[in-house]
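Inside the fold
Chain by chain, the residues run as shown.
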Amino acid sequence: MLVNATQMLQSAEKGHYAVGAFNTNNLEWTRSILTAAEELQSPIIVQCTAGAAKWQQGFKVVTDILRDLCDYMKITVPVVMHLDHGSYEDCFKAIEAGFTSIMYDGSHEASFEINLERTAEIVKLCHSKGISVEAEVGGIGGTEDGITAKGELADPAQCKAIADLGVDFLACGIGNIHGLYPDDWEGLSFDQLAKIKAEVGDLPLVLHGGTGIPTDQIKKAISMGVSKINVNTDLQVAFAKATRAFVVSGKDLEGKNYDPRKFLKPGFDAIVARTKELMVDFGSDGKGWA
Ligand code: 13P
């Protein structure tokens, strides 16, 4: 059964660990990350952007695949189907399709007032349906056209205003960015994290751009109130590296290794192994509840 992320992340916040939110890209991906979660008895947030959902034939197909896989694989740990970086319009589509958790990313709206207004509307709707809500303050940058935007620092007063709307967890910029970090990245701003946490109390915080942040910084962020860590690129790199090694070694030419079940297996195994390492780093292993 799919659950929302509210209780899961409140437990993580209290217990000083974080739940990994891994983006799904296809059926194999979803199967890999569920395998890791079950083997380590870790709760897991499976998340999907509107773009990745479109690639997978829509929000409804993504949800149905996850639900059916959980039944078929007899998954016993709690699993969340979460919308990652949803626009206002995406949120309604994902709710309709049965997502159990929604991120409304209002950080790109024309004004903070619009972000506030729309977050309030989505919180009301989602809570009437038992769906959890993540909001965002301070855009999380990334690399576009070869230029890497510096990670923004969210304004603590704006974080408090959004927190007061009753969101279940909050993504706030603390110098983090999506994708691979440039060599001259300054690291996470723990001063900013402390200021935000002081404003929002025990509200679980979300760290986007989990790929490539040094483990000591991840652990410190968790100890200061980060309870959900988003990871996408890391698993994409692990999958591509393993698949590339398989091809470069010429193993793809042996026997019937052209069969997609065999061709994709090294990548599948690499995702399982890397997801398990991350779950151990985040401290969520053994925290699933039956
Ligand atoms: P990375 O691709 O940098 O891991 O970021 C994932 C993310 O934050 C998704 O919202």
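Up top you'll find the structure we're talking about.
Parameters at a glance
- Residues numbered from 1 in each chain as written.
- Predicted model: local features only at pLDDT ≥ 70, side-chain atom pairs only at ≥ 80, totals over all residues.
- Heavy atoms only, no water.
- Buried < 20%, exposed > 50% of the residue type's maximum accessible area, 1.4 Å probe, protein only.
- Helix = DSSP H or I, 4+ residues; strand = E, 2+ residues; numbered from the N terminus.
- Right-handed = clockwise from strand over helix to strand, strands pointing away.
- Near = heavy atom within 4 Å.
- Polar contact = N/O pair within 3.5 Å; in protein donor to acceptor, adjacent residues only side chain to side chain.
- Areas by Shrake-Rupley, 256 points an atom, 1.4 Å probe, with all protein chains shown as cover.
- Nonpolar A, V, L, I, M, F, W, Y, C, P; charged D, E, K, R; others polar.
- Salt bridge = Lys/Arg side-chain N within 4 Å of Asp/Glu carboxyl O.
- Contact = heavy atoms within 4.5 Å.
- Pairing = 2+ DSSP bridges.
- Axes fitted to C-alpha atoms, helices over the stretch in contact; angles between N-to-C directions.
- Parallel < 35°, antiparallel > 145°, perpendicular 65-115°, else oblique.
- Left-handed = near helix turned anticlockwise from the far one by under 90°.
- Core = buried A, V, L, I, M, F, W, Y, C linked by side-chain atoms within 4.5 Å.

Okay, the pairing of strand β3 (residues 79-86) next. Of all eight residues that make up β3, seven are buried, and the element is covered over most of its length. In this fold, the crossover linking β3 to strand β4 (residues 101-104) by way of helix α5 (residues 88-97) has right-handed handedness.

To continue, consider the site of the ligand. The immediate surroundings of the ligand are formed by 14 residues, with D84, G179, G209, T211 and T233 found nearest. For the ligand, an oxygen atom lies 3.1 Å from a polar atom in the side chain of H178. Within the side chain of N230, an N or O atom sits 3.1 Å from an oxygen atom of the ligand. Alone, the ligand offers 310 Å² of accessible surface; in the complex the protein occludes 96% of this. Those elements giving two or more residues to the shell around the ligand turn out to be β3 and β10 (226-231). A class-by-class count of the residues in the shell around the ligand yields one nonpolar, twelve polar and one charged.

A few words now on the pattern of salt bridges. Per the stated rule, a full pass over the model turns up eleven salt bridges. Measuring nitrogen to oxygen at the nearest pair gives 2.8 Å for the salt bridge that ties R274 to D234. In this pair, R274 is assigned in helix α12 (residues 265-282) and D234 in helix α10 (residues 233-248), connecting sequence segments 40 residues apart. The partner of D269 in a salt bridge is K265, and the shortest N-O contact between them spans 2.7 Å. Of this pair, D269 and K265 both sit in helix α12, four residues apart, which is roughly one turn of the helix. Linked by salt bridges that have partners in common, D234, R274 and E277 make up one network.

Next up on the list: the side chain of T63. Along the chain, T63 turns up in helix α4 (residues 59-72). Given a relative accessible area of 0%, T63 falls into the buried group. T63 has contacts with L2, M81, A97, G98 and F99, leaving out every residue within four places of it along the chain.

This next bit is on the sheet that holds β10. The sheet built from eight strands closes into a barrel, its strands ordered β1-β2-β3-β4-β5-β8-β9-β10 with parallel pairing. Each strand axis lies, on average, 25° off the axis of its neighbour in the sheet, ignoring direction. With two bridges connecting them, strand β8 (residues 169-172) and strand β9 (residues 205-207) associate as parallel partners. When the sheet's bridge partners are listed, L170 is paired in β9 with L205. Against the sheet, helix α7 (residues 156-163) makes contact with β5 (132-137) and β8, and its axis sits at roughly 160° relative to β5, the strand it touches most.

Packing of helix α6 (residues 112-128) against α7 brings their axes to within 10 Å, and their N-to-C directions diverge by 25°. If you check the angle between α6 and α7, you find them roughly parallel. Relative to α7, α6 is oriented so that their crossing is right-handed. Residues F112, N115, L116 and T119 of α6 form the contact with α7, whose participating residues are Q158, A161 and I162.

Turning to the nonpolar core, a few remarks are in order. What tends to happen in soluble globular proteins is that the nonpolar side chains get buried as a cluster. Formed by 73 residues in total, the largest nonpolar core has its most connected members in F22, I44, V79, I102, L170, I229 and F282. Top contributing element to this core by residue count: α12, with six residues. Look past the residues within four positions of I229 in its chain and what remains in contact with it is A18, V19, G20, A21, L207, G210, I218, I222 and F282. Ranked by size, the runner-up nonpolar core spans 14 residues in total, among them Y17, V19, I45 and V206.

Before going further, it helps to examine the environment of D155. With respect to the secondary-structure elements, D155 resides in the loop between β7 (147-148) and α7. Note: C-alpha distance between D155 and I174 (19 residues apart in sequence) is 9.7 Å. Among the polar contacts listed, one links the side chain of D155 to the backbone nitrogen of A157, at a separation of 2.9 Å.

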